[in-house]
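Listed here are the chains, written in short residue letters.
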Amino acid sequence: MVIKVYVASSTGSVAVKKHQQAVVGFLESNRIGFQEVDITMMEEQRLWMFRNIPRDKQPKKGNPLPPQIFNNDHYCGDYEDFFQSKEDNTVFAFLRLSSQPSVKHSES
(Lines give C-alpha, C1' and ligand atoms only; values in the text may rest on other atoms or scores of the structure.)
Protein backbone atom coordinates (compact mmCIF):
# COMPACT_ATOMS: atom_id res chain seq x y z
CA MET A 1 0.00 0.00 0.00
CA VAL A 2 1.29 3.41 -0.93
CA ILE A 3 -0.10 6.59 0.49
CA LYS A 4 -0.02 9.30 -2.18
CA VAL A 5 -0.33 12.95 -1.27
CA TYR A 6 -1.10 15.14 -4.26
CA VAL A 7 0.42 18.59 -3.72
CA ALA A 8 1.16 21.76 -5.68
CA SER A 9 4.74 22.94 -5.30
CA SER A 10 3.97 26.32 -6.83
CA THR A 11 0.83 27.76 -5.32
CA GLY A 12 0.03 31.33 -4.39
CA SER A 13 -2.23 30.22 -1.56
CA VAL A 14 -0.74 30.32 1.92
CA ALA A 15 -3.60 28.12 3.19
CA VAL A 16 -2.85 25.40 0.61
CA LYS A 17 0.86 25.49 1.52
CA LYS A 18 0.07 25.16 5.24
CA HIS A 19 -2.39 22.31 4.63
CA GLN A 20 0.16 20.44 2.50
CA GLN A 21 2.86 20.94 5.16
CA ALA A 22 0.51 19.72 7.89
CA VAL A 23 -0.29 16.47 6.06
CA VAL A 24 3.30 15.76 4.99
CA GLY A 25 4.67 16.70 8.42
CA PHE A 26 2.24 14.37 10.18
CA LEU A 27 3.10 11.45 7.90
CA GLU A 28 6.84 12.04 8.32
CA SER A 29 6.69 12.43 12.10
CA ASN A 30 4.65 9.23 12.40
CA ARG A 31 6.96 7.35 10.02
CA ILE A 32 4.18 6.58 7.59
CA GLY A 33 5.57 5.88 4.15
CA PHE A 34 4.11 8.07 1.44
CA GLN A 35 4.74 9.42 -2.02
CA GLU A 36 4.39 13.12 -2.72
CA VAL A 37 2.97 13.78 -6.20
CA ASP A 38 3.42 17.31 -7.52
CA ILE A 39 0.47 18.09 -9.76
CA THR A 40 2.13 21.27 -11.06
CA MET A 41 4.92 19.24 -12.64
CA MET A 42 2.97 16.26 -14.01
CA GLU A 43 -0.14 17.06 -16.02
CA GLU A 44 -1.18 13.41 -16.32
CA GLN A 45 -1.06 13.03 -12.51
CA ARG A 46 -3.14 16.18 -12.03
CA LEU A 47 -5.77 14.86 -14.44
CA TRP A 48 -5.72 11.43 -12.79
CA MET A 49 -6.26 13.06 -9.38
CA PHE A 50 -9.19 15.15 -10.65
CA ARG A 51 -10.85 12.12 -12.29
CA ASN A 52 -10.49 9.95 -9.18
CA ILE A 53 -11.96 12.29 -6.58
CA PRO A 54 -15.58 11.22 -5.98
CA ARG A 55 -18.26 13.56 -7.33
CA ASP A 56 -19.58 14.30 -3.84
CA LYS A 57 -16.12 15.62 -2.88
CA GLN A 58 -15.78 17.86 -5.94
CA PRO A 59 -16.21 21.59 -5.31
CA LYS A 60 -19.25 23.24 -6.86
CA LYS A 61 -16.95 25.66 -8.68
CA GLY A 62 -13.38 25.20 -9.85
CA ASN A 63 -11.02 22.30 -9.25
CA PRO A 64 -10.30 20.40 -6.02
CA LEU A 65 -7.41 21.98 -4.13
CA PRO A 66 -4.40 20.07 -2.86
CA PRO A 67 -3.60 18.28 -0.74
CA GLN A 68 -5.63 15.27 -1.86
CA ILE A 69 -4.82 11.92 -0.26
CA PHE A 70 -5.04 8.45 -1.79
CA ASN A 71 -4.06 4.96 -0.68
CA ASN A 72 -2.92 3.42 -3.96
CA ASP A 73 -5.90 4.24 -6.20
CA HIS A 74 -8.42 4.56 -3.37
CA TYR A 75 -9.45 8.10 -2.45
CA CYS A 76 -9.03 8.83 1.27
CA GLY A 77 -9.92 12.51 1.34
CA ASP A 78 -8.76 16.11 1.32
CA TYR A 79 -7.21 18.25 4.04
CA GLU A 80 -10.51 18.78 5.86
CA ASP A 81 -11.10 15.01 6.01
CA PHE A 82 -7.52 14.47 7.18
CA PHE A 83 -7.84 17.14 9.86
CA GLN A 84 -11.10 15.64 11.13
CA SER A 85 -9.50 12.19 11.32
CA LYS A 86 -6.66 13.67 13.40
CA GLU A 87 -9.18 15.27 15.75
CA ASP A 88 -11.04 11.95 16.05
CA ASN A 89 -7.77 9.97 16.42
CA THR A 90 -8.72 7.84 13.40
CA VAL A 91 -5.93 8.76 10.96
CA PHE A 92 -4.84 5.16 10.35
CA ALA A 93 -8.40 4.14 9.48
CA PHE A 94 -8.73 7.26 7.30
CA LEU A 95 -5.56 6.26 5.42
CA ARG A 96 -6.81 2.67 5.22
CA LEU A 97 -3.78 1.37 7.08
CA SER A 98 -4.19 -1.74 9.19
CA SER A 99 -2.13 -0.47 12.12
CA GLN A 100 0.39 2.08 13.26
CA PRO A 101 3.90 1.49 11.91
CA SER A 102 6.24 -0.19 14.36
CA VAL A 103 9.21 1.83 15.46
CA LYS A 104 12.54 0.05 15.51
CA HIS A 105 14.85 0.95 18.33
CA SER A 106 18.54 0.84 17.50
CA GLU A 107 20.66 -1.41 19.64
CA SER A 108 23.58 0.20 21.42
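Report on the accompanying structure. What you see is a predicted model; the values in this text were computed from it and never measured.

### Let's talk about the pairing of strand β4 (residues 74-78)
Thought 1: Within β4, four of the five residues are buried, which leaves the element mostly enclosed by the surrounding structure.
Thought 2: Count of turn residues in the strand β3 (residues 68-71)/β4 antiparallel hairpin: two residues, of which N72 carries a positive phi of about 55°.

### Some thoughts on the packing of helix α1 (residues 14-29) against helix α3 (residues 79-87)
Thought 1: Orientation of α1 relative to α3, taken along the N-to-C sense of each, is 45°, at an axis distance of 10 Å. Regarding the angle of α1 to α3, the classification is oblique. Between α1 and α3 the crossing geometry is left-handed. On the side of α1, the interface is formed by H19, A22, V23 and F26, while α3 contributes Y79, E80, F82 and K86.
Thought 2: Of the residues assigned to the contact of α1 with α3, the class counts are five nonpolar, one polar and two charged.

The rules behind each value
- Residues take numbers from 1 onward in each chain, read along the sequence in its written order.
- Given that the model is predicted, a residue must reach a pLDDT of at least 70 before its local features are reported, and side-chain atom pairs must reach 80 or more before they are shown or counted; all residues, however, enter totals for whole chains, interfaces and linings.
- Just so you know, side-chain values use all the structure's heavy atoms and leave hydrogens and water out.
- In this scheme, a residue with accessible area under 20% of its type's maximum is buried, one over 50% is exposed, and one in between is partly exposed, where area comes from a 1.4 Å probe on protein chains only.
- Helix and strand assignments come from DSSP, with helices taken as H or I runs of at least 4 residues and strands as E runs of at least 2, each series counted from the N terminus.
- A strand pair is defined by DSSP finding two or more bridges across the two strands.
- Orientation is described by lines fitted to C-alpha atoms, with helices fitted over the stretch in contact, and by angles between N-to-C directions that extend from 0 to 180 degrees.
- For classification purposes, an angle smaller than 35 degrees is called roughly parallel, one larger than 145 roughly antiparallel, one from 65 to 115 roughly perpendicular, and anything else oblique.
- Helix crossings fall into two classes, left-handed where the near helix is turned counterclockwise from the far one by less than a right angle and right-handed where it is turned clockwise.
- By definition, residues are in contact when any of their heavy atoms lie within 4.5 Å.
- Under the scheme applied here, ten amino acids are nonpolar (Ala, Val, Leu, Ile, Met, Phe, Trp, Tyr, Cys and Pro), four are charged (Asp, Glu, Lys and Arg), and all others, including Gly, are polar.

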